[in-house]
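Structural characterization, general
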Amino acid sequence: MKVSRAWLQTYFDTPLPDTQALSDALTFHAFEIEETVGDMLDVKVLPNRAADCLSHRGIAKELSAILNLPLKTDPLRQPLPYRDIVSPYLTVEIEDSNGFDKLTAGKCLRYMGAVVRGVKVRPSPSWLKEALEAVGQRSVNNIVDATNYVMLDIGQPLHAFDAKGISSILVRDAREGEKMTILSGEEYTVPKGTLLITNAGTNEAIGIAGVKGGKAAEVTAATADLIIESANFDGTSIRRTAQVLKLSTDASQRFQNRPSPELCAYGIREVLALIQKIAGGEIAEVVDEYPARPQESWNVSVSLAKMNGILGSRFTKKDVADVFTRLGLEVRVDGDTFTVTPPFERTDLTIPEDLVEEVGRIIGYDKLQATELPFDSAQGKPDQACYRGIEKIKDELVVRGFTEISTQSFARKGDVVLANPLDKSKPALRKSLKENMREAFERAKYAAPLVLPPNQKPRLFEIGTVFTKAGEELAIETSEPVSDLPKKIQNDENYEPPQYRLGAYQPFSVYPFIVRDIALWMPAGTDDGLTKSLIQENTGELLMRLDQFDRFEKEGRVSLAFRLVFQSNERSLTNEEVNGVMERIYEALKKAGFEVR
Amino acid sequence: MKPDAAPAQGRLHPITIAVREMAAIFGRMGFGIAYGPELEDDWHNFTALNVPEDHPARDMQDTFWIKDQPGKVLRTHATSVTMRKLEEMAKNGIAEMRWINPGKVFRNESTDMTHEAQFYQLDGFAVGPTGTVTLASLKGTFDRFYREYFGQNTRVRFRPSFFGFTEPSVEIDVWFEAPGGKGQWLETAGAGMLHPNVIKNAGLDPEKVQGFAFGGGLERLIMIKYGIPDIRLFHSGDIRFTYAFDQLTENSKQGTV
């Protein structure tokens, strides 16, 4: 949710602190900030708060509690003017397969429609354009902008239809193969059962409920009369529709987080006021179909002792009461117990632990004193026997020269097959570690000169889960047979696996390498180490590895043999290049009295 | 096993080395090490953990499901092991538990330098009688874990978060100073106090039992500590990765308690 500081400021008399301070306040007490650009903050609203905080009002309310600044006005606390007006001009009918009688919550939880006559569609005033553009929205015209502005302001998705030829709206399921053209001009075949907003007179779809408006009733410069929709649709059904159609919109993102249907009435009030201000016209009426009216209010109670017992804090009654006041929550205190009556939009507050979280985060988790859990080792060792048994086998293999690898669990073939593989060439789960081991060993043989001394061949092992018809088990695989390797890993509660300390990671080159051997007679008075450094000094950056692999004495002379491995971090080397380096080494060695064999 | 012709020692994978360090640190705080199935059932991976039926995490594009075995998934987190342990606690009438669950988990998402479809998690939990295992003890546990794993300059901080199986929920950040580099805050794990529904689903009484749970990418901690740029190196089966570190010492000082 992109919010702008200027927009948030409209909620406060006191000047807000700078963007960085707002960002910190939200990060440590409410939501992570994805990024800040100038005046704009992109707030990563958490899923349990997306019902009320995908809005400037919601974020302002949070800031009000965190910074302890009162809100100037709160649109969700202003009394509502419209209530269940039955209309002579517009009728709305909901015919929805999940809830055909009005007592069952179906896919359409509420539908408010307002008729506005005689508006002037024109470009938006500059304040409105600027407000929308500051949060990355495109200005269309004053009507469309008004609906977007109110959605971004208080969180209620809204839509404006051109009322021409529409006197009755039917909210119904899509029929098999029903087609519909959305505002952008793209045509969609909507899956059967998708909830549509239709013109009951023509049976034509004018919107995909909760997702996108249709071309058929688009507001254009020629539009005079409007139908404004402020509705609420079931979150799951909207999410599925948006997913199937690959059409995620500001509206669908809000509905899938289940805002309270109570919000519809505030949305329509706000948008009608704004339209009258910037486009004129006359409100002819407001219809309200409300099949899923929620319970009026609910209570959540928590005691101070429980709160401190969960957080590990020593907050006082006053600390806690202060948090509830700052959050604007209606609270009754009875002895040690706080009973909160959450406002309709705080659908997330249902259990005592929810209130504990409110107190913890608003006071700040930095106020919690880190406390270690008491543990007395004399009372017995924690159970690590299974782990120790596995580590013991690994160590036995390491001692025998085996190096551990880890490979992917997906395989070309297997007993257990994925319903939705990511890599279509490996749709199964591995039933043994053999295939991966063969591949890894081939690559290890190739890479061996880079990591192992010349006389050592690679030996690999892996311990990992395999999946067979009989179930899953931990398997051991080695690149060559190991005599009397236990078939089954035994628990071992007493084995103490040695600890290793590693240095920083050293990136390895992905380019091919070139190997050269050199054998030479040492002149008298030099030693092996000096010889090695002499080679090193004359090779430059391309030398990846230098190993001495042979030494013998004959007739008072000493012969040494070295293996050189050349590789670049940036490109493939050519033989000519390496020949050049070798020439330089030969020259230097000869000059120092060595005889190259 | 008898050693054969005395070859040079092989090497352990960096994950093994890291898990050994973590096992030792958590062992000193009384944590055992638990394992559980990678091919999990819906109950232990989702339902029991308070993830509702229609939650987006259950979608095909996030979770690997198994052909012809409805209700089976590749576990998306090692928290499924926590659930199994809590059930064991209820069944055997155990009063408190502390376990870490290091293990492989799977996510159906495209891979890049910081994302893999399969990776390890260090998951874990501690529960005890109401009031004994708190959010402050989670902070104390991680404070010690990170100081011993990353170094004494490390600090821990919590930020608010949301997970279905915890309430309250937090993100755990660590202040890490790379050798020679400047310090920064890094997001490392999600955590919180086990949701009363999770305690209930295990067959325990949330009025009597309470505790914290945590989980985060294991490779990520290793990447931070050693400066590894790409998570895809870990399970590539490439020995050049295992050898891309100087093995400084083998500490003879033993791990636990």
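Source: prediction; values computed, not measured.

What follows is about the overall build of chain A. In terms of regular secondary structure, chain A is built from 16 helices and 27 strands. Relative to its length of 597 residues, chain A is extended, with a C-alpha radius of gyration of 36 Å against a globular reference of 25 Å. On the principal axes, the C-alpha backbone points of chain A span a range of 120 × 65 × 55 Å. The buried share among the 597 residues of chain A stands at 54%. Put simply, 69% of the contacts in chain A that link residues at least 6 apart link residues at least 24 apart. Between the mean site of the 74 positive side-chain charges and the mean site of the 87 negative ones, chain A shows a separation of 3 Å.

A few words on the sheet that holds strand E7 (residues 168–173) of chain A. Residue and element names in this part refer to chain A. Strand order in the open sheet formed by 5 strands is E4-E7-E10-E11-E12, and the pairing between neighbours is mixed. On the outer flanks of this sheet lie strand E4 (91–95) and strand E12 (212–213), each paired with one strand and no other. Pairing between E4 and E7: 5 bridges, direction parallel. Counterpart to Ile94 in the pairing with E7 is Val171.

Before going further, it helps to examine the state of the cysteines. Residue and element names in this part refer to chain A. In this structure the tally under the stated criterion is 0 disulfides over all chains. Free cysteine: Cys53, not disulfide-bonded; nearest cysteine sulfur from Cys264 at 18 Å. Exposure remark for Cys53: the relative accessible area of 0% places this residue in the buried category. Just so you know, Cys264 is unpaired, no disulfide at all, and the nearest cysteine sulfur is the one on Cys108, 8.4 Å from it. For Cys264, a relative accessible area of 0% corresponds to the buried category.

Here we take up the interface of chain B and chain A. By convention, interface size is frequently given as the accessible area that disappears when the constituent parts associate. On the side of chain A, 103 residues touch chain B, which itself brings 111 residues to the contact. Each partner contributes to the roughly 9,300 Å² buried at the junction of chain B and chain A, and carbon and sulfur atoms together form 57% of this total. Our enumeration of links across chain B and chain A arrives at 5 salt bridges. One salt bridge connects Arg20(B) with Asp395(A), and the closest N-O pair in it is separated by 2.9 Å. Taken together, chain B and chain A are joined by 49 residue pairs in polar contact (both at pLDDT 80 or more). The greatest single-element share of the side of chain B that touches chain A, amounting to 10 residues, is contributed by helix H1 (residues 14–28) of chain B. A breakdown of the residues in the side of chain B that touches chain A according to their chemical character gives 49 nonpolar, 35 polar and 27 charged.

So, about the domain arrangement of chain A. If you check the domain split of chain A, you get domain 1 (2–73), domain 2 (91–289), domain 3 (300–366), domain 4 (384–478) and domain 5 (514–596). For domain 3 of chain A and domain 5 of chain A, the distance between their C-alpha centres works out to 74 Å.

Following the UniProt record, the feature "domain: B5" (unreviewed entry) maps to residues 295–370 of chain A here. Measuring from the first to the last C-alpha atom of residues 295–370 of chain A gives 41 Å, for a span that is 39% helix and 18% strand.

The next point concerns the packing of helix H5 (residues 126–134) of chain A against helix H6 (residues 142–154) of chain A. Pairs of packed helices are described in terms of their axes, by the angle between the two and the distance that separates them. All names here are of chain A. It is at 11 Å that the axes of H5 and H6 come closest, and there the two elements cross at 50°. It follows from the interaxial angle that H5 and H6 lie oblique. For H5 against H6, the interelement crossing comes out left-handed. For the pair H5 and H6, the contacting residues are Trp127, Leu128, Ala131 and Leu132 in the first and Asp145, Ala146, Asn148, Tyr149 and Leu152 in the second. Taken together, the residues of the contact of H5 with H6 sort by class into 7 nonpolar, 1 polar and 1 charged.

Procedures and definitions
Residues numbered from 1 in each chain as written. Chains lettered and ligands numbered in written order. Predicted model: local features only at pLDDT ≥ 70, side-chain atom pairs only at ≥ 80, totals over all residues. Heavy atoms only, no water. Helix = DSSP H or I, 4+ residues; strand = E, 2+ residues; numbered from the N terminus. Rg over C-alpha atoms; globule rule 2.2 N^0.38 Å. Buried < 20%, exposed > 50% of the residue type's maximum accessible area, 1.4 Å probe, protein only. Contact = heavy atoms within 4.5 Å. Lys, Arg positive; Asp, Glu negative; His and termini not counted. Charge placed at Lys NZ, Arg CZ, Asp CG, Glu CD. Pairing = 2+ DSSP bridges. Disulfide = S-S within 2.5 Å. Buried area = accessible area lost by both parts, 1.4 Å probe. Salt bridge = Lys/Arg side-chain N within 4 Å of Asp/Glu carboxyl O. Polar contact = N/O pair within 3.5 Å; in protein donor to acceptor, adjacent residues only side chain to side chain. Nonpolar A, V, L, I, M, F, W, Y, C, P; charged D, E, K, R; others polar. Domains from an automatic or database assignment. UniProt positions renumbered as here; feature names shortened; annotations may be inferred. Axes fitted to C-alpha atoms, helices over the stretch in contact; angles between N-to-C directions. Parallel < 35°, antiparallel > 145°, perpendicular 65-115°, else oblique. Left-handed = near helix turned anticlockwise from the far one by under 90°.

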